[in-house]
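So you can see what is in the structure, the chains are spelled out below.
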Amino acid sequence: MEQVVLLILGVLAVASALGVVLMPNAVYSAMMLLLNLLSLAILFLLLHAQFMFAAQLVIYAGAILVLFLFVVTLLNPEGEFIFRDKKRLQRAGAISFGLFLAALLIGAFIAAFGKVQPNFPDSSGAAGSYGSVEAFGIALFTQFLLPFELTSLVLLVALIGAVVLGKRK
Amino acid sequence: MSQITFTLLVSAVIFSVGAAGVLLRRNPLVQFMSIELMLNAVNLALISFAGSMGTAEGQIFVLMVLTVAAAEAVVGLGIIVAMFRKRNRIDVDDIRSMDG
Amino acid sequence: MAEAIGLVVLFPLLGFLAIALLGQMISQKGAAILACAAVGLAFLAALVALAGSRDLLHSNVWQYTWIQAGNWKVSFGLYADPLSTFMALIVTGVGFLIHVYSIGYMTDAQGNPEHDYRRFFAYMNLFVFTMLLLVCSNNLLFLLVGWGGVGLSSFLLIGFYKDKPSAVAAARKALVTNTIGDVGLLLGIFVIIINSPQADPLNLANIGALTGSSRDLAAILLIIAAVAKSAQLPLHAWLPDAMEGPTPVSALIHAATMVTAGVYLITRCHNLFAYSDVALVIIPLIGAASALFAATCALVQTDIKRVLAYSTMSQLGYMFMAAGVGAYEAAMFHLLTHAFFKALLFLTAGSVIHSLDGEQDMRKMGGLAKKIPMTRNLFLVGALAISGILPLSGFFSKEAILGTFPLFGADNLPNWSLGNASFVILGWVGIIVAFMTAFYMFRAFFLVFYGPKSDLHPHKTPNVMQIPLYVLAVLAVVGGFLYVPGAYNLLEKYFEPIRAPFLDGQPQHWLSINTDGLELTKLIAAVGVAILGIFVAYGIYGTRTKPIPVRAYQGFQAFLFNGWYLDKMYDLLIASPVRWLARLLTKEADKDVAEALDWGFGGSVWFGSKLLRKTETGYVRNYALGILVGVVAILLYVTVVAIQR
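Here the residue index of a chain counts from 1 through its sequence in written order. Numbering of ligands from 1 and lettering of chains from A proceed in the order in which they are written. A pLDDT threshold of at least 70 governs which residues receive local features in this predicted model, and a stricter bar of 80 or more applies before side-chain atom pairs are shown or counted, although totals over entire chains, interfaces and linings include all residues.

1. Points about the overall build of chain B
Inclusion rule: Every helix listed is a DSSP run of H or I at least four residues long, and every strand listed is a run of E at least two residues long, numbered separately from the N terminus. Buried, partly exposed and exposed are defined by the number of other C-beta atoms within 10 Å of a residue's own C-beta, namely 20 or more, between the two limits, and 12 or fewer respectively, with C-beta atoms placed from the backbone.
Regarding its fold elements, chain B presents three helices and zero strands. Tracing chain B from N to C terminus, the helices and strands come up as α-α-α. Relative to its 100 residues, chain B shows a buried fraction of 58%.

Below you can see the structure in the form of structure tokens.
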């Protein structure tokens, strides 16, 4: 059962990613991105990363995507068809090197991780290990406290940057 | 093929699609979405690695990526809006004052 | 207590930095006082270090590793052994007196600071610092830093009167000649590094480890360095010209300290030189030739400072003679007394020049004894000391050097490659030079202070200039009592720790001063010729009734006056061909080469950039594609490497 869900979600994620790139209208692209984010979130859950599942939903789907949609509707860009692009060389290069990259990564991953088995306990197993909120919280607030605090600085800088950019002269 | 290998393959494909998207689209908004795709693919890979190791460290990285993605989205969209205000059109090919 | 040697080096550096960096924030007077205080404190620290220098094991202080490469390393540290402390005491002690003297000297007739006081004292402190670095360093590389540093500060100080073209030319000459020596030292260092079996080859304790021809090669290269710094033949030409600098500079750098660096280097590296057969022949010969040459030149000079400059070169020749055959103690002893009486002579000469508002030509002086009797007395002390008259310091140190060279042959000589006959010849050269020394010093004395009165009107010398002179005069009188022939020899005990490594099993390469009493014949000969020289000078110049006419010399006198025309010869053999070649190149080749370069380099860059410019399309997406291609390439490489492994 789990295998089937995994397969469906994987196909959905790849298809929606293709949709983001191929849809001529930016609003559709944003919708496809939403679909991609949701399927990835469920994949996270299947990998026993419960906290990340929630964070993905709240931060990506909830905050970032809404921001995207705001800007898309605000600017209302005209439709764009990549196959009518005049720069053929750029398009050919992008597609061929994208395929090459995918093939390379797939080959490398299969070679490197093809036989690796997951190390996390069964979903029925002992709670509190690996992906649970508890384990994650302990790691975040003990071992990785300094990087975590530093992210606040990153966000502060981004905040100031956004204000400066948005200010009308 | 185990669960983790499968998710790694998915992340590889999504990453490549995102990379191609950045190169193919002229609309900076969609380029941005493609970048988000790449970041998400990396997130998926990180969580898969964390799963194969059975530790929580990989997820900390994902949180960092999320933070950076949020910050980047805010600043990037700010730039796009500023660009739109100036030219009334958004197309990355318009900005080419650095040509040789 | 040996650690105080660090302070000895540090104080002048701080003084230099303070004066140089504070600039206008301190007054002219403040800069002078700061400079004097820095050197004075360094002298006190050197006294403290002296107390700790007895123990050779603990005299190696402030040790660090400078460069480490595997087992090979260059250490970095200061010596506070008897030799370094000895030199540091001379440099800071005489240096302090000369600094104090300079406060008075470097003023114009109205008592205002002349030119730029601050710049002068900053340079002086820089000189003292680099000189101390030179004598206190415990490895050759660090010594080279000081070696180049004294060359630089000497250059800056000779050219201190930068509006005077002759001073600038002299400074340039000194720098170029010194640089020949620097290159020699550098090449010597390379030879030592390549050939030494030691892990720390440049440590001065280890440089004796060389063997065979590489030892001779290193010794010859170091001799070039010593010869250039100490103004010996054939690299002497800069010293007489260096007298263009202010007189205190001549006293400090070109008489008392910097020029003795060559003697110091030979003494410090005695475990290299004393085993090199080539060096044992070359150094004493150079020394004897220089002593003789400079003495003959000094006989006819008319500029009072040039007389002293040639006499310095001549006395350094004595030191080279002694140090070259292993009589290091005698060389260092003469170095000490020479620092006292030569600084005294220079400073009294400076007093005369200063009181006459810059007149240096002795032919225009005369009869000054009545007007400045105290200066006369001081100059007399210096002249008697340098002539080697009993019981002034010069007598003892000169006897110590001449005692090494028997006049009539002896069988207890060390088995040097030089041969007994050469020893005898060197001894006679020493006697002849002693005669000439007495003659030219008293020629200068009688020319300046006696004879017909000149129409010059000296004014009074300020106290700040007078007091250092008294101190130096006392030192010039009593400085010799470190060694009394037939009685005792304090120096032997003092240098014992340095000598010690030689004592067990090694052949005796450090000749102590002979304390068994003196050959009577030699005593009579040495003092006799000096007295003879004084009488001859009196006979020719002391009784003259009309002034010496100021005119150019002819014939043999001109030959001596111009330093045997060696300058002209250098000009003809080295400078002229270079100048001619340069002129030829400017005329014939310069234009074509420049054009070829213009079209070759410029053209190819222009065409290349024209092609490359096409890749800069301005489209961000093109650049991003470039990034992707790069990423794929790197990934491919990593994958291939991983598969192969």
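2. Some thoughts on the overall build of chain A
For clarity, the threshold we go by: Each residue gets a C-beta atom placed from its backbone, and two residues are in contact if those atoms lie within 7 Å.
Across its full length, chain A holds six helices and zero strands. Secondary structure elements in chain A, listed N-terminal to C-terminal, are α-α-α-α-α-α. When burial is assessed residue by residue, chain A has 30% of its 169 residues classed as buried. In chain A, 52% of the contacts between residues at least 6 apart in sequence involve partners at least 24 apart.

3. Describing the interface of chain A and chain C
Interface size is commonly expressed as the accessible surface area that is lost when the partners come together. Note the cut-off: Under the scheme applied, nonpolar residues are Ala, Val, Leu, Ile, Met, Phe, Trp, Tyr, Cys and Pro; charged residues are Asp, Glu, Lys and Arg; polar residues are all the others, including Gly.
Residue-level contacts link eight residues of chain A with nine residues of chain C. Partitioned by chemical class, the residues of the side of chain A that touches chain C number six nonpolar, two polar and no charged.

4. A closer look at the interface of chain A and chain B
Taken together, the contact between chain A and chain B spans 68 residues of the former and 63 residues of the latter. Counting residues per element, the ones that place at least two in the side of chain A that touches chain B are α1 (2-22), α2 (26-46), α3 (50-75), α4 (88-113), α5 (133-143) and α6 (145-166) of chain A. Among the elements that line the side of chain A that touches chain B, the one with the most residues is α4(A), at twelve residues. Across the side of chain A that touches chain B, the residue classes break down as 53 nonpolar, 13 polar and two charged.

5. Observations regarding the confidence of the model for chain A
Rules: The predictor rates its confidence in each residue with pLDDT, a number between 0 and 100.
On average, chain A scores 84 in pLDDT, and the residues at 70 or more come to 91%. Taken together, the stretch residues 123-128 of chain A has pLDDT below 50 and engages in five contacts with residues farther than four places along the chain or on a different chain.

6. Some words on the packing of helix α1 (residues 3-24) of chain B against helix α2 (residues 28-53) of chain B
All names here are of chain B. The condition that has to hold: To get an axis, fit a line to the C-alpha atoms, keeping to the stretch in contact for a helix; angles then go from 0 to 180 degrees between the N-to-C directions. Throughout this description, any angle smaller than 35 degrees is read as roughly parallel, any larger than 145 degrees as roughly antiparallel, any in the 65 to 115 degree range as roughly perpendicular, and the remainder as oblique. Crossing chirality is assigned from the near helix's rotation relative to the far helix, an anticlockwise turn below a right angle marking it left-handed and a clockwise turn marking it right-handed.
Closest axis-to-axis distance for the α1/α2 pair is 8 Å, and the angle between their directions is 160 degrees. Considering the angle they form, α1 stands roughly antiparallel to α2. In the packing of α1 onto α2, the handedness of the crossing is left-handed. In terms of residue class, the contact of α1 with α2 is made up of 16 nonpolar, ten polar and no charged.

7. Observations concerning α1(B)
Condition: Working rule for helices: expected span equals 1.5 Å times residues minus one.
Taking 1.5 Å of rise per residue, 22 residues should cover 32 Å, and α1(B) covers 32 Å from first to last C-alpha, within 8% of that figure. Burial of α1(B) is extensive: 21 of the 22 residues sit out of reach of the surface.

8. Details of the nonpolar core
Selection criterion: For our purposes the nonpolar core covers buried Ala, Val, Leu, Ile, Met, Phe, Trp, Tyr and Cys residues that link as a set through C-beta atoms within 7 Å.
Judged by nonpolar contacts, the single largest core of 215 residues is most densely connected at C:Val8, C:Ala88, C:Leu132, C:Ala343 and C:Leu344. In this structure, C:Leu132 is in contact with C:Val8, C:Val9, C:Pro12, C:Ala88 and C:Val91, ignoring residues within four places of it in sequence. With 75 residues, the next largest nonpolar core counts A:Ala13, A:Val21, B:Leu29 and B:Val74 among its residues.

9. As for the environment of B:Pro28
All names here are of chain B. Within the secondary structure layout, proline 28 lies in helix α2. According to the C-beta neighbour criterion, proline 28 is buried, with 24 such atoms within 10 Å. Proline 28 sits 49 residues away from leucine 77 along the chain, and the two C-alpha atoms are 9.0 Å apart. When sequence neighbours within four positions are dropped, the list of residues in contact with proline 28 reads Ile80, Ile90 and Val92.

10. Details of the pairing of strand β2 (residues 72-79) of chain C
All names here are of chain C. Operational definition: Strands qualify as paired when DSSP identifies two bridges or more between them.
Here strand β1 (residues 60-69) pairs with β2 via seven bridges, running antiparallel. If you follow glutamine 68 over to β2, its bridge partner there is lysine 73. Where β1 folds back on β2, the antiparallel hairpin that results is connected by two residues, among which glycine 70 adopts a positive phi of roughly 65 degrees.

11. Description of unusual backbone geometry
Here the residue pair C:Leu233 and C:Pro234 is connected by a cis peptide bond, since its omega of -5 degrees sits within 30 degrees of zero. If you check the backbone angles, B:Asn88 has positive phi at about 65 degrees while not being a glycine. Assignment of secondary structure puts B:Asn88 in the segment after α3 (57-87). In this structure, C:Ala231 takes a positive phi of about 55 degrees despite not being glycine.

12. Regarding helix α13 (residues 304-324) of chain C
All names here are of chain C. Here α13 spans 30 Å end to end across 21 residues, near enough to the 30 Å set by a 1.5 Å rise per residue. Judged by how many residues are buried, α13 sits mostly within the fold: 21 of 21 residues are covered. Just downstream of α13 lies glycine 326, where phi reads positive at about 105 degrees.

13. Comments concerning the confidence of the model for chain B
Residues and elements named next belong to chain B. With 98% of its residues at a pLDDT of at least 70, chain B reaches an overall mean of 87. Across chain B, the element-wise mean pLDDT spans from 87 in α3 up to 91 in α1. This prediction of the complex comes with two scores: 0.67 for pTM and 0.90 for ipTM.

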